[in-house]
Amino acid sequence: MKCVVCKGPAIIDIRRHNANFCTDHFLEQCRRQVAKAIDEFAMIERGERALVAVSGGKDSLAVWDLLVELGYDVDGLYVGLGIGEYSDVSGTYARDFARSRELTLLEVDLPGTYGYDIPTGSRAARRAPCSACGLSKRHLFDAAALEGGYDVLVTGHNLDDEAAVLMGNTLHWHTEYLGRQLPVLPARDGFPRKVKPLVRLGERETAAYCVVRGIDYLVDECPMAAGNRHLSYKAALNDIELASPGAKHAFYFGFLDRAAERFATEAEADREDLRPCASCGAPTTSEVCAFCRLVQRAGGSLPDGGPTAVAVELGPTRARVDEPSALEGVR
Ligand code: SF4
Ligand SMILES: [Zn+2]
Ligand SMILES: [Zn+2]
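Residues numbered from 1 in each chain as written. Chains lettered and ligands numbered in written order. Predicted model: local features only at pLDDT ≥ 70, side-chain atom pairs only at ≥ 80, totals over all residues. Heavy atoms only, no water.

A.B. asks: Please explain the coordination of the zinc ion (ligand 2) as it appears in this structure.
C.D. replies: Tetrahedral metal sites with four donors have an ideal angle of 109.5 degrees; octahedral sites with six donors have ideal angles of 90 or 180 degrees. Bound to the zinc ion (ligand 2) on the protein side are Cys-3 (SG), Cys-6 (SG), Cys-22 (SG) and His-25 (ND1), at distances that span 2.0 to 2.3 Å. Around the zinc ion (ligand 2) sit four donor atoms; with metal-centred angles ranging over 96 to 114°, the donor geometry is tetrahedral. On the primary sequence, the residues serving as donors to the zinc ion (ligand 2) are separated as C-x2-C-x15-C-x2-H. Of this pair, Cys-6 sits in the segment before β1 (12-14) while Cys-22 sits in the loop between β2 (19-21) and α1 (23-40), and the two are 16 residues apart along the sequence. In this structure Cys-6 comes out as partly exposed when scored by relative accessible area, which is 38%. The exposure class of Cys-22 is buried, given its relative accessible area of 10%. (Donors = N, O, S within 2.8 Å, 3.2 Å for Na, K, Ca; no water. Tetrahedral: all angles 85-135°; square planar, octahedral: opposite > 155°, others 65-115°. Helix = DSSP H or I, 4+ residues; strand = E, 2+ residues; numbered from the N terminus. Buried < 20%, exposed > 50% of the residue type's maximum accessible area, 1.4 Å probe, protein only.)

A.B. asks: Sorry, what's going on with the coordination of the zinc ion (ligand 3) here?
C.D. replies: For the zinc ion (ligand 3), every protein donor is listed as Cys-277 (SG), Cys-280 (SG), Cys-289 (SG) and Cys-292 (SG), and the spread of their distances is 2.3 to 2.4 Å. Bound by four donor atoms, the zinc ion (ligand 3) shows angles of 106 to 114° at the metal and therefore tetrahedral coordination geometry.

A.B. asks: Explanation requested: the site of ligand 1 in the structure shown.
C.D. replies: Taken together, the residues surrounding ligand 1 are Ile-83, Cys-130, Cys-133, Lys-137, Cys-222, Met-224 and Ala-225. Here the residues of the shell around ligand 1 are counted per class, giving six nonpolar, no polar and one charged. (Near = heavy atom within 4 Å. Nonpolar A, V, L, I, M, F, W, Y, C, P; charged D, E, K, R; others polar.)

A.B. asks: So what exactly am I meant to see when it comes to the packing of helix α7 (residues 159-171) against helix α10 (residues 229-243) here?
C.D. replies: The axes of two packed helices give the description: the angle between them and the distance between them. Running from N to C, α7 and α10 point in directions that differ by 105°, and their axes come no closer than 9 Å. When the axis of α7 is compared with that of α10, the two are roughly perpendicular. Counted together, Asp-160, Asp-161, Ala-163, Ala-164, Val-165, Met-167, Gly-168 and Leu-171 of α7 and His-230, Tyr-233, Lys-234, Ala-236, Leu-237 and Asn-238 of α10 form the full contact between these two elements. Partitioned by chemical class, the residues of the contact of α7 with α10 number eight nonpolar, three polar and three charged. (Axes fitted to C-alpha atoms, helices over the stretch in contact; angles between N-to-C directions. Parallel < 35°, antiparallel > 145°, perpendicular 65-115°, else oblique. Contact = heavy atoms within 4.5 Å.)

A.B. asks: Help me out: how do you make sense of the nonpolar core in this one?
C.D. replies: Generally speaking, nonpolar side chains in soluble globular proteins are found buried as a group. Met-43, Ile-44, Trp-64 and Leu-67 are the most contacted members of the largest nonpolar core, which totals 53 residues. Other than its neighbours up to four places away in sequence, Ile-44 contacts Ile-38, Leu-67, Tyr-72, Val-152, Val-154, Arg-193 and Val-195. Of all hydrophobic cores here, the second largest spans 33 residues; its members include Leu-106, Tyr-116, Ala-132 and Ala-144. (Core = buried A, V, L, I, M, F, W, Y, C linked by side-chain atoms within 4.5 Å.)

A.B. asks: Before we go on, may I ask you to explain the pairing of strand β4 (residues 73-80) in this structure?
C.D. replies: The side chains of a regular strand alternate, first on one face of the sheet and then on the other. Summarising burial for β4: seven of the eight residues are buried, a large majority. Sheet topology note: the strand β3 (residues 49-54)/β4 ladder contains six bridges and is parallel. When the sheet's bridge partners are listed, Leu-51 is paired in β4 with Asp-75. Each parallel crossover has a hand, and for β3 linked through helix α2 (residues 58-69) to β4 it is right-handed. As judged from the five bridges shared by β4 and strand β5 (residues 105-109), these two strands associate in the parallel manner. Directly across from Val-79, in β5, lies its bridge partner Val-108. A crossover connection joins β4 to the parallel β5 through helix α3 (residues 84-100); in handedness this β-α-β unit is right-handed. (Pairing = 2+ DSSP bridges. Right-handed = clockwise from strand over helix to strand, strands pointing away.)

A.B. asks: I keep staring at unusual backbone geometry and nothing clicks. Help me out?
C.D. replies: Note: most residues except glycine have negative phi, and most peptide bonds are trans. Phi at Ala-42 is positive, roughly 50°, even though this residue is not glycine. Accessibility expressed as a relative area gives 52% for Ala-42, which makes it exposed. If you check the backbone angles, Trp-173 has positive phi at about 45° while not being a glycine. When you line up the elements, Trp-173 lands in the loop between α7 and α8 (175-178).

A.B. asks: Honestly, the sheet that holds strand β8 (residues 193-195) in this entry has me stumped. Any pointers?
C.D. replies: Within a sheet, neighbouring strands are paired by backbone hydrogen bonds and run either parallel or antiparallel to one another. Pairing is mixed in the open sheet, where six strands are placed in the order β5-β4-β3-β6-β8-β7. Both outer strands of the open sheet, β5 and β7 (184-185), are each paired with one neighbouring strand and no more.

A.B. asks: How do you make sense of the packing of aromatic side chains when you look at a structure like this?
C.D. replies: For any pair of aromatic rings, the description consists of the separation of the ring centres together with the inter-plane angle of the planes. Following the criterion strictly, the structure yields three aromatic pairs and no others. Centre to centre, the rings of Tyr-114 and Phe-291 are 5.2 Å apart; their planes meet at 80°, and the pair counts as edge-to-face. Pair noted here: Tyr-114 is in helix α4 (residues 110-114) and Phe-291 is in helix α13 (residues 290-298), with a separation of 177 residues, a long-range link. In this structure Tyr-114 comes out as buried when scored by relative accessible area, which is 2%. Taking relative accessible area as the criterion, Phe-291 reaches 1% and is therefore assigned buried. Look at Tyr-252 and Phe-253: their rings are 5.1 Å apart centre to centre, the planes differ by 80°, and that puts the pair in the edge-to-face class. Of the two residues, Tyr-252 and Phe-253, neither departs from the other in class, the shared state being buried. For Arg-46, the ring lying beneath its charged end belongs to Tyr-72, and the centroid distance is 4.1 Å. For Arg-200, the ring lying beneath its charged end belongs to Phe-253, and the centroid distance is 5.4 Å. (Phe/Tyr/Trp six-rings, centres within 6.5 Å; stacked < 30°, edge-to-face > 60°. Lys NZ or Arg CZ within 6 Å of the ring centre and 35° of its normal.)

If you want it as structure tokens, here you go:
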């Protein structure tokens, strides 16, 4: 197997590009794909400050590393979800990465600040764990980006993620979600700009990127993900990709080119009634936003009591990894 660029020994084959790459040219390929996505969708301007949502997994650490390599000014944000050992370990990977590269990592601890963790909080609020988790993360990421004065919030969604979400939204014809499933959502109505620079890279490529770059990441899936429909869509798409390399790319980018705009009106209608939450000020369509309602129901649900549900205003606990003492007591 030879590198398509230099004919040296290849370390990876990427069937949808019908190409093999050596270490150096694979890294170059990853950077080129990210740079292309950023340019194509006008994701981040030079000189802007970006905040990347970091989970300790391969995608979020890869996108942080790639953006830094491409010369962008990027800090990280880690949200401790209180999912047992999984959260303890994921936080360690996020901190170790930031420390090794002298990058700034902000932290929000959900149990410590809001009085619930995902397993007990979702039960108390009668929501599926991933629903409570997704809602909490979205709110805390948005709040931290706005409060920290960042121009843009970055997530590590890759091509496999986006194709799987698209499949789910299409199977169930969630047309208002289809109208919003874009690699960049502009800042508006009190939401920060949100971008997904990894949309041109597959999951296998982000994993390989981390290995080649010596980035240690949490390999284990979140224990709450078992039975998640998203995983079954991914598996189905992997089967299709095997028989038809490039199918995921064609599905997702074909949607962006030829279909997404057709659903824009419905996505827009969904956001027409946005107003500030009476409790925290975040944009919402109801009197009190879904996050504050979750905190009211789930806060204080920890077995040892935890803080009560009073901390609903925007105000995440933060720490910088370049200030080791600040980390004490954060997790
Ligand atoms: S799998 Fe569900 S609970 Fe686990 S981190 Fe993802 S969204 Fe949260
Ligand atoms: Zn090469
Ligand atoms: Zn609120």
